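In case you want the letters, here they are:
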Amino acid sequence: MLTNEQLAALRSRLLDMKRETEDRLKQNDHFGMIRSHAHDAVGELASYDNHPADEATELYEREKDLALKEHAERELREIERALGAIADGTYGTCRVCGRPIPYERLEALPTTLYCREHSPDQTVSQKRPLEEGVLMPPFGKFDFDDRTESVAYDAEDAWQEVARYGTSDTPSDLGKNVDSYSEVYAESEENVGYIEDLENFAAVDLHGQHVRVYPTREHELLENILDDEGIMSNIGDLPAYEKDPYTSKDSYRRYDERPSQQHFGETTP
């Protein structure tokens, strides 16, 4: 149990802490929270003519002051509860188990009303700020490239859309050879509107517009693959009544000999 001298010393210390906390809150107007808006603290009437970065700075300072105010007010409430416990004679005993609180603990934390085993603040939170889940490099949780079979439009694609018009980076910043400054951004060599190189002549773009067919090396390679497999499409075979006139040599010759079907014998250059 606490001696009278120990109890008096702890009470005197609690009173000093209360006075210091109240003076601090009074001197800074409760960290500026008495004012209706952050503009009052900087003498601004509106945000209309302010730079967004200046507004962001003021918002950060406002949030910091709010956190400091809540911390100081919580500390003041704990001091007042401890002084109330001294007044009713329950100070120095744990409110949960009723056992005496060691003097060394009270000396280090005079506002406590619990022993170490039953302290409500003994669990340290491992939660991180919500914004960290979005700001993880390079594009946070909205980067789907590493997900299996994902071709969704993600944050990286959004950045590439605007980066094509130019960035503040230079080829030396990118660390690889590029042909123009319009390629100085992440994965500038990535296909746009199609996934595989073979699809660049047999698909539409992101806006649904037809992509023209050009006789490229990839085009010829795909034609050879389809001929070797005896199919007309890389997404699967066609029905027999559509496939045979194209893939069967006999049918191909018969259709080519019929004047009304001459266009079936035409081939892409």
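Residues numbered from 1 in each chain as written. Predicted model: local features only at pLDDT ≥ 70, side-chain atom pairs only at ≥ 80, totals over all residues. Heavy atoms only, no water.

Q: Describe the overall build of the chain, and please don't skip the residues or the numbers.
A: The helix and strand tally for the chain stands at nine helices and zero strands. Counting over 269 residues, the chain shows a buried share of 19%. Counting every atom, the chain has about 20,200 Å² of accessible surface; 51% of that belongs to carbon and sulfur. (Helix = DSSP H or I, 4+ residues; strand = E, 2+ residues; numbered from the N terminus. Buried < 20%, exposed > 50% of the residue type's maximum accessible area, 1.4 Å probe, protein only. Areas by Shrake-Rupley, 256 points an atom, 1.4 Å probe, with all protein chains shown as cover.)

Q: Would you mind going over the UniProt feature "domain: Zinc finger DksA/TraR C4-type" (unreviewed entry) in the chain in detail, with residue names and values included?
A: UniProt records the feature "domain: Zinc finger DksA/TraR C4-type" (unreviewed entry) for residues 89-117 in the present numbering. Split by type, residues 89-117 is 21% helix and 0% strand. Its first and last C-alpha atoms lie 22 Å apart. (UniProt positions renumbered as here; feature names shortened; annotations may be inferred.)

Q: Can you tell me about helix 1 (residues 4-27), naming the residues and giving the values?
A: Across its 24 residues, helix 1 extends 34 Å between first and last C-alpha, which sits within 8% of the 34 Å expected from 1.5 Å per residue. Within helix 1 the residues assigned to the buried category are L10, L14, M17, T21 and L25. Turning to helix 1, the residues buried within the fold contact helix 3 (52-88) and helix 4 (103-108). D29 sits one or two residues past helix 1 and shows a positive phi near 55°. (Expected span 1.5 Å × (residues − 1). Contact = heavy atoms within 4.5 Å.)

Q: An account of the pattern of salt bridges is requested, with residue identities and associated values reported.
A: Counted according to the given criterion, the structure contains seven salt bridges. Notably, a salt bridge pairs R74 with E78, separated by 3.3 Å at the nearest N-O pair. Taken together, the residues R74 and E78, both in helix 3 and four residues apart, mark about one turn of the helix. Judged by its relative accessible area of 41%, R74 is partly exposed. Across the salt bridge formed by E161 and R164, the nearest N and O atoms sit 3.6 Å from each other. Judged by its relative accessible area of 28%, R164 falls in the partly exposed class. (Salt bridge = Lys/Arg side-chain N within 4 Å of Asp/Glu carboxyl O.)

Q: Which residues make up a negative patch on the surface, and what values do they have?
A: Negative charge collects at one region of the surface, where E220, E223, D227, D228 and E229 lie side by side. Given a relative accessible area of 31%, E223 falls into the partly exposed group. (Patch = residues over 30% accessible without salt bridge, like charges linked within 9 Å, V, L, I, M, F, W, Y side chains within 5 Å. Lys, Arg positive; Asp, Glu negative; His and termini not counted. Charge placed at Lys NZ, Arg CZ, Asp CG, Glu CD.)

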